[in-house]
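Commentary on secondary and tertiary structure
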Amino acid sequence: MTKRLADDAATGAPGASKSAKKACHPLATRRFAAVVTEVDESGNVTMRSTASYIRYLHEQQNCTAAFICGTSGEGVSMTSEERKVVTLGWIAARAQVGLSSDTFAIVVVVGSESIKTSREQAALCEQAGVDGISIMAPIFNKPKNAVEVVDFLAEVAAAAPQTPLLYYHIPDRTGCSVPAHSVVQEAWSSPSRLPTFVGLKFSSLDMMDYGFLCNMDTEQKLALLAGHEAIILSVINFHAQRDALGFVGVTASVLGHVLHRINDLAGLHNKEAVSQADMQTACKLHALVLTFMKRGSEFGWAQTIKHCLVLAGVFQSDKMWAPMKQLTDEQRNIIATDIFPMTKNGYQTS
């Protein structure tokens, strides 16, 4: 964790409500893009477009952070060396475009079925100076309860003792059915066991679980990041009593400006603005995002995002790692004519 991020945690993060009475963790306000990873024509990871990607995210999509090597980033398909290349490449590219932790945070998913590999990735991230690491539950040997989830997190996080940890709660992919609020309760029951734990990316549609998280977090210690675009509007009521609302979105790479407007129109955590919230427009914009996701899912979200980035002039290739399917020319034409134009509509919707 950088010194500036540590200072922000004590004084209030950039973008936090001016009327906030309690300091939230600096990652709690961030608007993350769950970024995709460019693969060159030979099937090798490439960092050739990363600086342009960061500039595009920050300047055109209102993103203040990147969540790398995650589900959209095909992290589970990478070798350890490829993850290293991506991690170091993003840190270098951020510096190249003149940004820092203050303006653009980088969180890296380090989880693996191998504890040793996960620890090596975590240690690398700390050495590289990332702003956080994220770990999901094991996929094959699934934890049966919160104790087992926290045991796994603690084992990996110990390799990066100075780096904030976000639990990556994505039960539909991991098959781990342990509720997120149970994991947090277990982590808090013995703080010394998982001292770097600061919050979670909540990629679930279980709003009861999300509500429990908000209700139990009376001191706003959690960086609670909505990790699925479908729940953005749903979580706003929970955050009306909190001082921050951040998110992690796969569509943020091309619809970050729309997600940004939805949050602002809906009033967010700014209690004075809620009474003047334009929920009608927010709902229209949210429908646009959901339509984009539905159409994109026909070819794969990552595939659709990658080709949209090619069309936007950010990426040079939309190639995927196996077993993910490659786009056909016919699918590329459909994305270009029917889906990519949606990324422009958010500027005019009112």
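Because the structure is a prediction, the values reported are computed rather than measured.

1. Observations concerning the overall build of the protein chain
- Along the backbone of the protein chain there are 15 helices and 8 strands.
- Taken over 350 residues, the protein chain has a buried fraction of 56%.
- Long-range pairs, those at least 24 residues apart, make up 73% of the contacts in the protein chain with a sequence separation of at least 6.
- Carbon together with sulfur atoms contributes 51% to the accessible area of the protein chain, which is approximately 14,400 Å² in total.

2. Some details on the sheet that holds strand β7 (residues 223-226)
- Strand order in the closed barrel formed by 8 strands is β1-β2-β3-β4-β5-β6-β7-β8, and the pairing between neighbours is parallel. In this sheet, neighbouring strand axes are inclined to one another by 25° on average, regardless of whether the strands run parallel or antiparallel.
- Where strand β6 (residues 197-202) meets β7, 4 bridges bridge the pair, whose relative direction is parallel. Paired with L200 across the two strands is L224, which belongs to β7.
- Packed on one face of the sheet, helix α10 (residues 252-265) meets β1 (31-34) and β8 (246-249) and runs near 150° to β1.

3. A look at the packing of aromatic side chains
- Scanning the model with the defined rule gives 6 aromatic pairs in all.
- Between Y210 and F238, the ring centres sit 5.8 Å apart and the planes meet at 50°, which makes this aromatic pair tilted. Of this pair, Y210 sits in helix α8 (residues 207-216) while F238 sits in helix α9 (residues 232-239), and the two are 28 residues apart along the sequence.
- A residue is classified by how much of its surface remains accessible, and Y210, at 0% relative accessible area, is buried.
- On the accessibility criterion, F238 (27% relative accessible area) is partly exposed.
- Taken together, the ring pairs in this structure connect F32, F67 and Y168 into an aromatic cluster.

4. Examining unusual backbone geometry
- For the bond from A322 to P323, the omega torsion is 10°, close enough to zero to count as cis.
- Structurally, the position occupied by P323 is in the loop between α13 (301-311) and α14 (329-339).
- The phi dihedral of N62 falls on the positive side, at around 60°, and the residue is not glycine.
- The residue N62 is located in the loop between α2 (50-60) and β2 (65-68) in this model.
- Taking relative accessible area as the criterion, N62 reaches 30% and is therefore assigned partly exposed.
- Despite not being glycine, E74 shows a phi value in the positive range, around 60°.
- With respect to the helices and strands, the residue E74 is situated in the loop between β2 and α3 (80-96).

5. Examining the environment of H181
- Structurally, the position occupied by H181 is in helix α7 (residues 180-189).
- Its relative accessible area of 16% is what places H181 among the buried residues.
- For the pair H181 and M208, spaced 27 residues apart in sequence, the C-alpha to C-alpha distance is 9.7 Å.
- Apart from the residues within four sequence positions on either side, H181 is in contact with D209, F212, L213 and M216.

6. Topic: the pairing of β2
- Here β2 shows two buried faces, one formed by A65 and F67 and the other by A66 and I68.
- Between the parallel pair β1 and β2, the chain is carried across by α2, and the sense of this crossover is right-handed.
- Of the strand pairs in this sheet, β2 and strand β3 (residues 105-109) are connected by 4 bridges, and their pairing is parallel. Bridge pairing in β3 links I68 to V108.

7. Looking at the side chain of T304
- Within the secondary structure layout, T304 lies in helix α13.
- For T304, a relative accessible area of 1% corresponds to the buried category.

8. Let's talk about α2
- Along α2, the positions that sit buried rather than exposed are T50, A51, Y53, I54, Y56 and L57.
- Packing partners of the buried residues in α2 comprise β1, α3, α10 and α13.
- Immediately downstream of α2, the backbone of N62 shows phi near 60°, a positive value.

Calculation rules
Residues numbered from 1 in each chain as written. Predicted model: local features only at pLDDT ≥ 70, side-chain atom pairs only at ≥ 80, totals over all residues. Heavy atoms only, no water. Helix = DSSP H or I, 4+ residues; strand = E, 2+ residues; numbered from the N terminus. Buried < 20%, exposed > 50% of the residue type's maximum accessible area, 1.4 Å probe, protein only. Contact = heavy atoms within 4.5 Å. Areas by Shrake-Rupley, 256 points an atom, 1.4 Å probe, with all protein chains shown as cover. Pairing = 2+ DSSP bridges. Axes fitted to C-alpha atoms, helices over the stretch in contact; angles between N-to-C directions. Phe/Tyr/Trp six-rings, centres within 6.5 Å; stacked < 30°, edge-to-face > 60°. Right-handed = clockwise from strand over helix to strand, strands pointing away.

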